[in-house]
Amino acid sequence: MLFSAVIRFGNRSLAVVLSFALTFAHALGTACWLPRHGLVGFIAAIILLVVAERILAWSWIKAGTAGSSIRLL
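Residues numbered from 1 in each chain as written. Predicted model: local features only at pLDDT ≥ 70, side-chain atom pairs only at ≥ 80, totals over all residues. Heavy atoms only, no water.

Notes on the confidence of the model for the protein chain
Per-residue confidence for the protein chain gives a mean pLDDT of 84; residues scoring 70 or more make up 89%. The least confident element of the protein chain is helix α1 (residues 2-9), whose mean pLDDT is 85; the most confident is helix α3 (residues 39-63), at 89. (pLDDT = per-residue confidence, 0-100. Helix = DSSP H or I, 4+ residues; strand = E, 2+ residues; numbered from the N terminus.)

Structural data, given as structure tokens:
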């Protein structure tokens, strides 16, 4: 709930960084387990990472963040 509150009500720059970090970490964590199932798992890991990136990009477009120059510091 804390992450959701920071993303929703916090500083916009922090929200962008935090949403990227959380999405990337969860997708990467899941993708690391899949290759142990052979070629099918490796392909599934790649698909998972691509889908996670597309969903994150779509959410940034809907939020009006994509293409804008947000100063991180």
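Some details on the side chain of Ser19
Among the structural elements, Ser19 can be located in helix α2 (residues 12-33). The exposure class assigned to Ser19 is buried, which follows from its relative accessible area of 15%. Within the structure, the side chain of Ser19 is placed 3.0 Å from the backbone oxygen of Val16, a separation counted as a polar contact. With sequence-adjacent residues up to four places away left out, Ser19 is seen in contact with Ile7, Leu56 and Trp60. (Buried < 20%, exposed > 50% of the residue type's maximum accessible area, 1.4 Å probe, protein only. Polar contact = N/O pair within 3.5 Å; in protein donor to acceptor, adjacent residues only side chain to side chain. Contact = heavy atoms within 4.5 Å.)

Structural notes on the pattern of salt bridges
In this structure the tally under the stated criterion is one salt bridge. Here Arg54 and Glu53 are joined by a salt bridge, their closest N and O atoms 2.7 Å apart. (Salt bridge = Lys/Arg side-chain N within 4 Å of Asp/Glu carboxyl O.)

A closer look at a nonpolar patch on the surface
A cluster of nonpolar residues, Leu39, Phe42, Ile43, Ile46, Ile47, Val50, Val51 and Ile55, forms a patch on the protein surface that exposes about 760 Å² of accessible area. By the secondary structure assignment, Ile46 is in helix α3. (Patch = residues over 30% accessible without salt bridge, like charges linked within 9 Å, V, L, I, M, F, W, Y side chains within 5 Å. Areas by Shrake-Rupley, 256 points an atom, 1.4 Å probe, with all protein chains shown as cover.)

Quick look at the packing of aromatic side chains
Describing an aromatic ring pair means giving the distance of the ring centres and the angle of the ring planes. Considering all chains together, one arrives at one aromatic pair under this definition. Between the aromatic rings of Phe20 and Phe24, the centroid separation amounts to 5.8 Å while the plane-to-plane angle is 10°, which identifies the pairing as stacked. With a gap of four residues between them, Phe20 and Phe24 both fall in helix α2, about one helical turn apart. Its relative accessible area of 42% is what places Phe20 among the partly exposed residues. (Phe/Tyr/Trp six-rings, centres within 6.5 Å; stacked < 30°, edge-to-face > 60°.)

Quick notes on the packing of α1 against α2
Running from N to C, α1 and α2 cross one another at 140°; their axes reach a closest spacing of 8 Å. Classified by the angle between their axes, α1 and α2 sit oblique to one another. For α1 against α2, the interelement crossing comes out left-handed. On the side of α1, the interface is formed by Phe3, Val6 and Ile7, while α2 contributes Leu14, Ala15, Leu18, Ser19 and Leu22. Here the contact of α1 with α2 is built from residues that sort into seven nonpolar, one polar and no charged. (Axes fitted to C-alpha atoms, helices over the stretch in contact; angles between N-to-C directions. Parallel < 35°, antiparallel > 145°, perpendicular 65-115°, else oblique. Left-handed = near helix turned anticlockwise from the far one by under 90°. Nonpolar A, V, L, I, M, F, W, Y, C, P; charged D, E, K, R; others polar.)

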